[in-house]
Amino acid sequence: MCPRVPSLDKKPLFFAALWRSHRRLTVAWWTLILVQGSLPAVFVVAVGILVGAVTGEDPLRTPLLLIGVVFVLMQVVTPLHTQVGSLLGEHVSDRLHDRLLVAANAPDGVAHLEDRAHMDELTAARDFDLGMTGPPLHLSMGIIAGGLVEAVAGLAQAIVLAGYAWWAPFLVGGAWLCTHWLLRESSQWDRDTGEVLDAQRRAEYSYRLAVDSPAAKEIRLFGLASLLTQRFATDRRDLVELRWHATRLRRKPMRWAVMVLVVSGGLFFWSLGRDAASGTIDPGQVSTFAYAAVGASALAFGGLNWALSLATDAVVSVLRVERTMSTTATARSVVSGREPAEGTPASEIRFRDVGFSYPGMSTPVLDGLDLTVAAGSSLAVVGVNGAGKSTLVKLLCRLYDPVSGKIEVDGTDLKDLDLESWRRRVSAIFQDFIRYELPLKDNVAPLGASPEEVHEALAIAGATDLRDVETVLSPGYSKGTDLSGGQWQRVALARVLCAVNQGAGVVVLDEPTAQLDVRGEAEVFDRVLEATRGCTTILISHRFSTVRRADRICVVDEGRVVEFGSHDELMALKGTYARLFRLQAARFNEAQDGADHVE
Ligand SMILES: Nc1ncnc2c1ncn2[C@@H]1O[C@H](COP(=O)(O)OP(=O)(O)O)[C@@H](O)[C@H]1O
Ligand SMILES: [Mg+2]
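Conventions used here
- Residues numbered from 1 in each chain as written.
- Chains lettered and ligands numbered in written order.
- Predicted model: local features only at pLDDT ≥ 70, side-chain atom pairs only at ≥ 80, totals over all residues.
- Heavy atoms only, no water.
- Helix = DSSP H or I, 4+ residues; strand = E, 2+ residues; numbered from the N terminus.
- Rg over C-alpha atoms; globule rule 2.2 N^0.38 Å.
- Buried < 20%, exposed > 50% of the residue type's maximum accessible area, 1.4 Å probe, protein only.
- Contact = heavy atoms within 4.5 Å.
- Areas by Shrake-Rupley, 256 points an atom, 1.4 Å probe, with all protein chains shown as cover.
- Lys, Arg positive; Asp, Glu negative; His and termini not counted.
- Charge placed at Lys NZ, Arg CZ, Asp CG, Glu CD.
- Axes fitted to C-alpha atoms, helices over the stretch in contact; angles between N-to-C directions.
- Parallel < 35°, antiparallel > 145°, perpendicular 65-115°, else oblique.
- Pairing = 2+ DSSP bridges.
- Salt bridge = Lys/Arg side-chain N within 4 Å of Asp/Glu carboxyl O.
- Patch = residues over 30% accessible without salt bridge, like charges linked within 9 Å, V, L, I, M, F, W, Y side chains within 5 Å.
- Near = heavy atom within 4 Å.
- Polar contact = N/O pair within 3.5 Å; in protein donor to acceptor, adjacent residues only side chain to side chain.
- Nonpolar A, V, L, I, M, F, W, Y, C, P; charged D, E, K, R; others polar.
- Donors = N, O, S within 2.8 Å, 3.2 Å for Na, K, Ca; no water.
- Core = buried A, V, L, I, M, F, W, Y, C linked by side-chain atoms within 4.5 Å.
- pLDDT = per-residue confidence, 0-100.

Visitor: Explain the overall build of the protein to me, please; I cannot follow it from the model alone.
Guide: Within the protein one finds 22 helices and 10 strands. What you see for the protein is a C-alpha radius of gyration of 35 Å, clearly larger than the 25 Å of a compact globule of 599 residues, by over 25%. Expressed as lengths along the three principal axes of its C-alpha atoms, the size of the protein is roughly 120 × 55 × 50 Å. Within the span of the protein, comprising 599 residues, buried residues form 45% of the whole. Here the contacts in the protein between residues at least 6 apart in sequence split such that 77% fall between residues at least 24 apart. Of the roughly 30,100 Å² that the protein leaves accessible, carbon and sulfur atoms contribute 59%. In the protein, 60 side chains carry a positive charge and 69 a negative one; their mean positions are 5 Å apart.

See below:
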């Protein structure tokens, strides 16, 4: 592995990010760097004057006062600077976070979040905050400020040497700069390799599993805690080793650095010693120049480039993510059309010979799927797990586009419809719907609705036991609470109903009642059908008691529609639907009998 030096030429991007995130703090930060960096030079000059005054028996008050002032300033400026730096770092972090979130949400489809290369970019871009491969930004700021202060201090003291001889700043300062340059690479490593990103992602995942509550149950039940800790430790160790390996390759520059220093330092101090001995310069000057020569070593401070390149990388990767996410030319990205979708569908939604496979997968999930849903009717979709039912509705919501064939709404290709207005028409409860850690009312109406609307939607969904719409639905908040699986499902249903109330005309229900008991389900479903009367409804369900209530039913198998018709038609067909229906009915009756016996 040959570690490349990342992003050194892009440092201006980092400083530009500082400026953009908070101007006043940035000015304060730079001012303090200059002040703090000049103090050591003033100090060595003051000490030189003091030594001169002592040996020349001059009054000591002025040099002592100067030393005192510089000393006090040094004490005061440092902590102040640390504060300003860390504040500024937090501002930059916030800004980068905002930009990442905006960028990740910019594409209209979701394929980018499943694409390996884009996920790698997102993982790398989050590191300014997570600090997996380096300190987080607010800490780096201190190191960078320290580095810049050292650079200014080194430079100022090298300039002081000009008082001794014109060549002295070049010899001494140059030697330290040279070591700085030689050593800067020794602390850097390539954080963007697949290996590093993999280890980083695994480590983050293990960590999230360990600390996020949804995983906590299984981890305890299956006794996975020690395995998880071990995995996390191994992944972190991998990262440390990758870094160490990269750093170890840099021994040669260190040898060179030592040689340059010995030669230049030897020459300077030999010359200084000779002039001191011959009396060409007085003891005060000897003290000043000797201290300044040592102080110029600050120019070699190696941490600056390291921290600066880390921080620059953070900015650069956010910029990269922004660029990728805004490239609508990215393969498989969803692009909005221009036709307004208001009032659609007036006649039908039609899938024509639709083929689809997920990005990066070769096997087709949908393969020549033809299906027509009449506007204002309800269609139930049944099929075994993995048949492609959820995929079908994801295409309808334009989270992905078909790879072949097309979906038409009233004869217009879905791709030609304005995406925003189409999505306002569609309301969906996905199988893996989101449980927002927000108040109940925002779970029901994320974009806002009147309390009456929220209560009504909850009532139709059968969630009348949830009354306080201000309660945050997460135990992690004060007075927050969690719900049962079935209650959550009712809340998600209420969300769809609220959207219908606000103008959605296409309703997608992907296994919306899987966690409700059979009686609850039938009851809720009747009410939902009633409330969405007039809407075009697509329902995916394994419960035939619900499915049979739909106007039309289709059976999807291996990515295509194999049966289509009303319940009665499909029963008469005596195909897959009829077989599955009978099987479930028989099981249900058995279970009922069993229950009756127990009773
Ligand atoms: N985001 C995804 N990336 C890759 N493959 C997926 C993704 N989502 C689903 N699949 C695959 O597509 C197939 C169909 O999935 P899905 O439509 O969810 O089936 P179901 O009929 O059970 O709803 C399955 O084989 C599944 O593994
Ligand atoms: Mg599904």
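Visitor: Hey, could you run me through the packing of helix H18 (residues 485-501) against helix H19 (residues 518-531) in this one?
Guide: When two helices pack together, their arrangement is given by the angle between the helix axes and the distance between those axes. Running from amino to carboxyl end, H18 crosses H19 at an angle of 10°, the nearest separation of the two axes being 11 Å. In terms of their interaxial angle, H18 and H19 are classed as roughly parallel. For the pair formed by H18 and H19, the contact residues are Arg490, Leu493, Leu497 and Val500 on the first element and Gly520, Val524, Val528 and Ala531 on the second.

Visitor: Sorry, what's going on with the packing of helix H4 (residues 116-125) against helix H8 (residues 194-211) here?
Guide: Interaxial distance between H4 and H8 falls to 10 Å at its minimum, and their mutual angle equals 70°. By the angle between their axes, H4 is roughly perpendicular relative to H8. In contact with Arg116, Met119, Asp120, Thr123 and Ala124 of H4, H8 contributes Leu197, Asp198, Gln200 and Arg201.

Visitor: Sorry, what's going on with the sheet that holds strand E4 (residues 404-409) here?
Guide: Across the sheet, which stays open at both edges, the 4 strands sit in the order E2-E1-E4-E5 with antiparallel pairing between neighbours. Edge strands, defined here as strands with exactly one partner in the open sheet, are strand E2 (366-374) and strand E5 (412-413). Of the pairings in the sheet, the one linking E4 to E5 comprises 2 bridges and is antiparallel in character. Bridge pairing links Glu408 to Asp413 in E5. Against the sheet, helix H14 (residues 389-396) contacts strand E1 (348-356), E2 and E4, and its axis sits at roughly 115° relative to E1.

Visitor: I tried to follow the pattern of salt bridges on my own but got confused; where do I start?
Guide: Where charged atoms from two side chains of opposite charge come close, those side chains can pair. Under the counting rule described, the total for this entry stands at 14 salt bridges. In this structure, Asp235 engages Arg202 in a salt bridge whose closest nitrogen and oxygen atoms are separated by 3.1 Å. With Asp235 in helix H10 (residues 225-248) and Arg202 in helix H8, this pair connects stretches of sequence that are 33 residues apart. With relative accessibility at 34%, the residue Arg202 sits in the partly exposed group.

Visitor: Help me out: how do you make sense of a nonpolar patch on the surface in this one?
Guide: A cluster of nonpolar residues, Val42, Val45, Ile49 and Leu66, forms a patch on the protein surface that exposes about 270 Å² of accessible area. Here the nonpolar patch takes 3 residues from helix H2 (residues 23-56), the largest share from any one element. Positionally, Val42 belongs in helix H2. Judged by relative accessible area, Val42 falls into the partly exposed class, the value being 33%.

Visitor: Quick question: what am I supposed to make of the site of ligand 1 here?
Guide: Close to ligand 1 lie 14 residues, the nearest being Gly386, Gly388, Lys389, Ser390 and Thr391. A distance of 2.4 Å separates an oxygen atom of ligand 1 from a polar atom in the side chain of Thr391. Relative to its free-state accessible area of 560 Å², ligand 1 is covered by the protein chains to the extent of 67%. For the shell around ligand 1, the residue count by class is 6 nonpolar, 5 polar and 3 charged.

Visitor: What is the right way to read unusual backbone geometry from this model?
Guide: Apart from glycine, the bulk of residues carry a negative phi angle, and the bulk of peptide bonds sit in the trans form. Each neighbour pair has its own omega, and for Thr344 with Pro345 the value is -10°, a cis peptide bond. For Pro345, the position within the fold is in the loop between helix H13 (303-326) and E1. Even without a glycine there, the phi angle at Glu558 is positive, about 50°. Mapping Glu558 onto the fold places it in the loop between strand E9 (552-557) and strand E10 (560-565). With a relative accessible area of 67%, Glu558 lands in the exposed category. In this structure, Lys574 takes a positive phi of about 55° despite not being glycine. Its location among the elements puts Lys574 in the loop between helix H21 (567-573) and helix H22 (576-598).

Visitor: I keep staring at the coordination of the magnesium ion (ligand 2) and nothing clicks. Help me out?
Guide: As a benchmark, a tetrahedral metal site with four donors has ideal angles of 109.5 degrees, while an octahedral site with six donors has ideal angles of 90 or 180 degrees. The coordination sphere of the magnesium ion (ligand 2), as far as protein atoms go, consists of Ser390 (OG) and Gln431 (OE1), spread over 2.0 to 2.2 Å. Of this pair, Ser390 sits in helix H14 while Gln431 sits in the loop between strand E6 (426-429) and helix H16 (440-444), placing them 41 residues apart in sequence.

Visitor: Is there a simple way to think about H14 in this case?
Guide: Working note: α-helix, 3.6 residues per turn, so residues spaced by three or four point in the same direction. Burial runs high along H14: 7 of the 8 residues are buried. Residues of H14 that are buried include every one of Lys389, Ser390, Thr391, Leu392, Val393, Leu395 and Leu396, and no others. One or two positions beyond H14, positive phi appears at Arg398, with a value near 55°.

Visitor: It is not clear to me how the nonpolar core should be interpreted in this structure. Could you clarify?
Guide: With 44 residues, the main nonpolar core has Leu440, Val444, Leu458, Val491, Leu509 and Tyr577 as its most contacted residues. Broken down by element, this core gets its largest block of residues, 9 residues, from H18. The next biggest cluster of nonpolar side chains, apart from the first, holds 35 residues, and it includes Leu392, Leu395, Val426 and Val561.

Visitor: Got a minute to help me understand the confidence of the model for the protein in this structure?
Guide: If pLDDT is low for a region, its predicted coordinates should not be looked at in detail. Across the protein, the average pLDDT comes to 85, with 92% of residues at 70 or higher. For the protein, the element scoring lowest by mean pLDDT is helix H5 (residues 127-130), at 72; E1 scores highest, at 97. Of the regions scoring below 50 in pLDDT, residues 1-7 engages in 23 contacts with residues more than four places distant in sequence or in other chains.

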